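Notes for the structure review
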Amino acid sequence: MTDPIADMIIRIKNATISRKESVLVPFSKLKFEIASVLEKEGYISSVSKKGKKIAKFLELGLIYEGNESKVTGVRRVSKPSRRVYKKSGELRPVKNGFGISVVSTPKGILSGKVARKEKVGGEVLFEVW
């Protein structure tokens, strides 16, 4: 797999389209941190690590408001072929404040809002709305 982060966010998007309760994603520390940020921002309901040794995976609970999913779209910004880095002043709201960007910073994986507040920039991984 060349881009595991893109695989994770597309799995979340596809699961919300098909109205699943939860989605399984292969485990890594980076994906766990990203899932924690999405949980704090209210895009997924729960994150749990399951399995042993080599067969570890994350189970992500999805949120629905009526008939509408909380995750309606995702866009991978920084790809393996083209990395995108932004300073804290260059981080802008996604979809006029209705979405978030997830940024890899020296202080860890943060949402765009938190990174702006802490005045730290980094690699913009993806946007979700």
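Everything numeric in this text was worked out from a predicted model, so none of it was measured.

**Remarks on the environment of phenylalanine 98**
By secondary structure assignment, the location of phenylalanine 98 is in the loop between β7 (85-86) and β8 (100-105). C-alpha separation for the pair phenylalanine 98 and valine 128, spaced 30 residues apart in sequence, amounts to 9.0 Å. Phenylalanine 98 has contacts with Tyr43 and Trp129, leaving out every residue within four places of it along the chain.

**Some remarks on helix α2 (residues 29-40)**
Every α-helix winds through 3.6 residues per turn, so residues three or four apart in the chain are directed the same way. When the terminal C-alpha atoms of α2 are compared, their 17 Å separation across twelve residues agrees well with the 16 Å that a helix rising 1.5 Å per residue should span. Those residues of α2 not exposed but buried are Lys31, Ile34, Ala35, Ser36, Val37 and Leu38. Just beyond α2, the residue with positive phi is glycine 42, at close to 85°.

**Brief notes about the packing of aromatic side chains**
Tallying each qualifying case throughout the model produces one aromatic pair. Taken together, a centroid distance of 6.3 Å and an interplanar angle of 50° make the contact between phenylalanine 27 and phenylalanine 32 tilted. Residue classification places phenylalanine 27 among the partly exposed positions, given a relative accessible area of 23%. A residue is classified by how much of its surface remains accessible, and phenylalanine 32, at 31% relative accessible area, is partly exposed. Its guanidinium or amino end placed over the ring of tyrosine 43, lysine 70 lies 5.7 Å from that ring's centre, counting from NZ or CZ.

**Quick word on helix α1 (residues 4-17)**
Between the first and last C-alpha of α1 there are 20 Å, a value that for 14 residues agrees with the 20 Å anticipated at 1.5 Å per step. Of the residues making up α1, those classed as buried are Ile5, Ala6, Met8, Ile9, Ile12, Ala15 and Thr16. Of the residues flanking the end of α1, it is arginine 19, one or two places downstream, whose phi is positive at about 60°.

**Quick word on the environment of valine 103**
You can see valine 103 is positioned in strand β8. Under the relative-accessibility criterion, valine 103 is labelled buried at 0%. In this structure, the C-alpha to C-alpha distance between valine 103 and leucine 24, residues 79 residues apart in sequence, is 23 Å.

**A closer look at the packing of α1 against α2**
Packed helices, taken two at a time, are described by the angle their axes make and the gap between the axes. The N-to-C vectors of α1 and α2 enclose an angle of 40°; their axes lie 10 Å apart at closest approach. Viewed along their axes, α1 and α2 adopt a mutual orientation that is oblique. The element α1 and its partner α2 pack so that their crossing is right-handed. Here α1 contributes Pro4, Ile5, Met8 and Ile12 to the contact with α2, which in turn contributes Leu30, Lys31, Ile34, Ala35 and Leu38. Tallied by class, the residues present in the contact of α1 with α2 amount to eight nonpolar, no polar and one charged.

**Looking at unusual backbone geometry**
You will see that lysine 53, though not glycine, has its phi angle at about 45°, which is positive. Along the polypeptide, lysine 53 turns up in the loop between β2 (44-50) and β3 (57-62). Positive phi, normally seen in glycine, also occurs at asparagine 96, with a value near 55°. With respect to the element layout, asparagine 96 can be found in the loop between β7 and β8. When its relative accessible area of 75% is taken as the criterion, asparagine 96 is described as exposed.

Analysis parameters
Residues numbered from 1 in each chain as written. Predicted model: local features only at pLDDT ≥ 70, side-chain atom pairs only at ≥ 80, totals over all residues. Heavy atoms only, no water. Helix = DSSP H or I, 4+ residues; strand = E, 2+ residues; numbered from the N terminus. Contact = heavy atoms within 4.5 Å. Expected span 1.5 Å × (residues − 1). Buried < 20%, exposed > 50% of the residue type's maximum accessible area, 1.4 Å probe, protein only. Phe/Tyr/Trp six-rings, centres within 6.5 Å; stacked < 30°, edge-to-face > 60°. Lys NZ or Arg CZ within 6 Å of the ring centre and 35° of its normal. Axes fitted to C-alpha atoms, helices over the stretch in contact; angles between N-to-C directions. Parallel < 35°, antiparallel > 145°, perpendicular 65-115°, else oblique. Left-handed = near helix turned anticlockwise from the far one by under 90°. Nonpolar A, V, L, I, M, F, W, Y, C, P; charged D, E, K, R; others polar.

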